[in-house]
Amino acid sequence: MKTEVVAASECARAVALLRGGDVVALPTETVYGLAADAFNTTAVARIFDAKERPRFDPLIVHLPDWDWLEKVADLAGQDRKLILQLADAFWPGPFTLVLPKREIVPDIVTAGLETVAVRISAHPVFAEIIRAFGSPLAAPSANRFGRISPTAATHVLQELNGRVPLIVDGGSTKHGLESTIVALRNARIEVLRRGPITEERLAEFGEVVVVEAVQCPEVPGQLPSHYAPKTPLLLLDDPTAFIPAPGKRYGLLSWTSAGASFSDVRHLSKRQDLIEAATNLFRYLRELDNVGLDLIVAEELPQEGLGAAINDRLRRASHR
Ligand code: TXA
Ligand code: MG
């Protein structure tokens, strides 16, 4: 299969392919997604095939608008008020809610779970395409399973060339990190995946608990090893303490370190801005992964706000 990369002005091509039951890679404000008609099981199966994603890993369902929320999710008996408050505050945006699913959502999408993850994207290109399509799109990140999420169309091409017919280029993604995923339990907000909507912001709406990976093995995005470069990655809180072995090439993904003893250095944000760091994270990881290093050393960020979400990705990237 030949993979074409087209400009955002060619949205109509994407819509036509989606209508025909095909998959298309699309920009969102978090990372690029690989989208297909959420109600077409054959189309959804193509997502799993292209990504080599195990069928037990459920997909996020992206909605064209609010009207779709209660068509795919059952809010009865739930913390309805809290759900609507959260959705109202963070949609459209980098925020995903896990809710009890309705019959209409095929089992392949939710991997047989009784819940469905839903989100409304704020990306203008994604929004235009899904509105023209007129129905929900299942869309995981557009990388092969377990690999670094794509934040640019060229990254998608590296990951899925020859496996998908079309990539719509919407430039670099704004947040650079996948959406925050939350579930509600007894009026508590459970963070299943940290992301651009931080615990600090969620705390305005109620008690927040972060569900760590070990407690939650059924969410593969929370698997200990994920977002992984091919090059081994070592996460250190102080990379200046790292002693390089002679004859080896080391790269540094830096927060504050100068990195004098490293052959390749990327600074996540020279002015120590967490938002900028999140935007650069996956791009720099990918770049360092592509220059033939023996090891990537990554510097831990402060465990606050977006820093916690970035550390979370780095920890999983370092896990073998
Ligand atoms: O920002 C994002 O969320 C991007 C863009 C494309 O929307 N999507 C994304 O999808 O990151 P994906 O598939 O790479 O990660 C979604 C995560 C997976 O770890 C999956 O296990 C979890 O969401 N998930 C999906 N449905 C779930 C459910 N019903 N319960 C718990 N976790 C669920
Ligand atoms: Mg993913």
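Below, the structure is looked at part by part. (Residues numbered from 1 in each chain as written. Chains lettered and ligands numbered in written order. Predicted model: local features only at pLDDT ≥ 70, side-chain atom pairs only at ≥ 80, totals over all residues. Heavy atoms only, no water.)

1. Remarks on the sheet that holds strand β13 (residues 250-254)
Here is step 1 of the chain: Taken together, the 4 strands give an open sheet; going across it, the order is β12-β15-β13-β14, and neighbouring strands pair in parallel fashion. Single-partner strands in this sheet number two, and they are β12 (233-236) and β14 (264-267). Going across the sheet, the axis of each strand differs from the next one's by a mean of 20°, ignoring polarity.
Here is step 2 of the chain: Across 4 bridges, the pairing between β13 and strand β15 (residues 295-299) is parallel. Bridge pairing in β15 places L253 opposite A298.
Here is step 3 of the chain: Sitting on the sheet, helix α9 (residues 274-289) is in contact with β12, β13, β14 and β15, with an inclination near 175° to β13. (Pairing = 2+ DSSP bridges. Helix = DSSP H or I, 4+ residues; strand = E, 2+ residues; numbered from the N terminus. Axes fitted to C-alpha atoms, helices over the stretch in contact; angles between N-to-C directions. Contact = heavy atoms within 4.5 Å.)

2. Things to note about the packing of α9 against helix α10 (residues 306-318)
Here is step 1 of the chain: Contact geometry for α9 and α10: axes closest at 9 Å, N-to-C directions at 20°. Here α9 is positioned roughly parallel relative to α10, judged by the angle of their axes. Here α9 runs over α10; the crossing is left-handed. Where α9 abuts α10, its residues L274, I275, A277, A278, L281 and F282 lie against L306, G307, I310, R313 and L314. (Parallel < 35°, antiparallel > 145°, perpendicular 65-115°, else oblique. Left-handed = near helix turned anticlockwise from the far one by under 90°.)

3. Thoughts on the pairing of strand β6 (residues 115-119)
Here is step 1 of the chain: Burial analysis of β6 places 4 of its 5 residues in the buried class, which makes it a mostly covered element.
Here is step 2 of the chain: Relative to β6, strand β5 (residues 95-100) is paired through 4 bridges, and the arrangement is antiparallel. Looking at the pairing, V98 lines up with A117 of β6. (Buried < 20%, exposed > 50% of the residue type's maximum accessible area, 1.4 Å probe, protein only.)

4. Digging into helix α2 (residues 41-51)
Here is step 1 of the chain: By the burial criterion, the buried members of α2 are A43, V44, A45, I47, F48, A50 and K51.
Here is step 2 of the chain: Taking the backbone nitrogen of T42 as reference, a side-chain oxygen 3.0 Å away marks N40 as the first, capping residue of α2.
Here is step 3 of the chain: Directly after α2, the chain includes E52, whose backbone phi takes a positive value near 55°. (Polar contact = N/O pair within 3.5 Å; in protein donor to acceptor, adjacent residues only side chain to side chain.)

5. Some words on the nonpolar core
Here is step 1 of the chain: Within the largest apolar cluster, 48 residues are counted, with the highest numbers of intra-cluster contacts made by L34, L86, F95, L97, V118 and L202.
Here is step 2 of the chain: Excluding residues within four positions of it along the chain, L86 makes contact with W91, F95, L97, L184, I189, L202 and F205.
Here is step 3 of the chain: Of all hydrophobic cores here, the second largest spans 26 residues; its members include L253, L293, A298 and I310. (Core = buried A, V, L, I, M, F, W, Y, C linked by side-chain atoms within 4.5 Å.)

6. Focus on the environment of P136
Here is step 1 of the chain: Assignment of secondary structure puts P136 in the loop between α6 (124-133) and β7 (137-138).
Here is step 2 of the chain: P136 sits in the buried class, given a relative accessible area of 0%.
Here is step 3 of the chain: A C-alpha to C-alpha distance of 8.9 Å links P136 and D65, two positions 71 residues apart in sequence.
Here is step 4 of the chain: Apart from residues lying up to four places away in sequence, P136 is in contact with A36, D37, A38, F39, V61, H62, L63, P64, W68, V72 and I130.

7. Some details on the packing of aromatic side chains
Here is step 1 of the chain: With the rule as written, the count across this model stands at 6 aromatic pairs.
Here is step 2 of the chain: An angle of 50° between the planes, with centres 5.1 Å apart, marks the rings of F90 and F95 as tilted.
Here is step 3 of the chain: Given a relative accessible area of 0%, F95 falls into the buried group. (Phe/Tyr/Trp six-rings, centres within 6.5 Å; stacked < 30°, edge-to-face > 60°.)

8. Focus on the packing of helix α1 (residues 11-19) against α6
Here is step 1 of the chain: The contact between α1 and α6 brings their axes to 9 Å, and the two run at 45°. With respect to their mutual orientation, α1 and α6 come out oblique. The handedness of the crossing between α1 and α6 comes out as right-handed. Judged by residue contacts, C11, A14, V15, L18 and R19 of α1 engage V125, E128, I129, A132 and F133 from α6.

9. Quick notes on α10
Here is step 1 of the chain: With 13 residues, α10 should cover 18 Å at 1.5 Å per step; its first-to-last C-alpha distance of 18 Å lies within 8% of that length.
Here is step 2 of the chain: Within α10, 11 of the 13 residues are buried, leaving the element largely enclosed by the surrounding structure.
Here is step 3 of the chain: If you follow the buried residues of α10, they end up packed against β10 (188-193), β12, β13, α9 and β15. (Expected span 1.5 Å × (residues − 1).)

10. Side note on the sheet that holds strand β1 (residues 4-7)
Here is step 1 of the chain: Strand order across the open sheet formed by 11 strands is β1-β8-β2-β3-β7-β4-β6-β5-β9-β10-β11, with mixed pairing between neighbours. The sheet is open, and its two edges are formed by β1 and β11 (208-210), each paired on a single side.
Here is step 2 of the chain: For strand β9 (residues 180-185) and β10, the ladder comprises 5 bridges, and the chain directions are antiparallel. Pairing of L184 across the sheet is with I189, part of β10.

11. Some remarks on the pairing of strand β3 (residues 33-37)
Here is step 1 of the chain: Burial within β3 is extensive, with 5 of its 5 residues counted as buried.
Here is step 2 of the chain: As judged from the 3 bridges shared by strand β2 (residues 24-26) and β3, these two strands associate in the antiparallel manner. Looking across to β3, one finds that L26 is bridged to G33.
Here is step 3 of the chain: Joining the antiparallel neighbours β2 and β3 is a turn of 6 residues.
Here is step 4 of the chain: In the sheet, β3 pairs with β7 via 2 bridges, with the strands oriented antiparallel.

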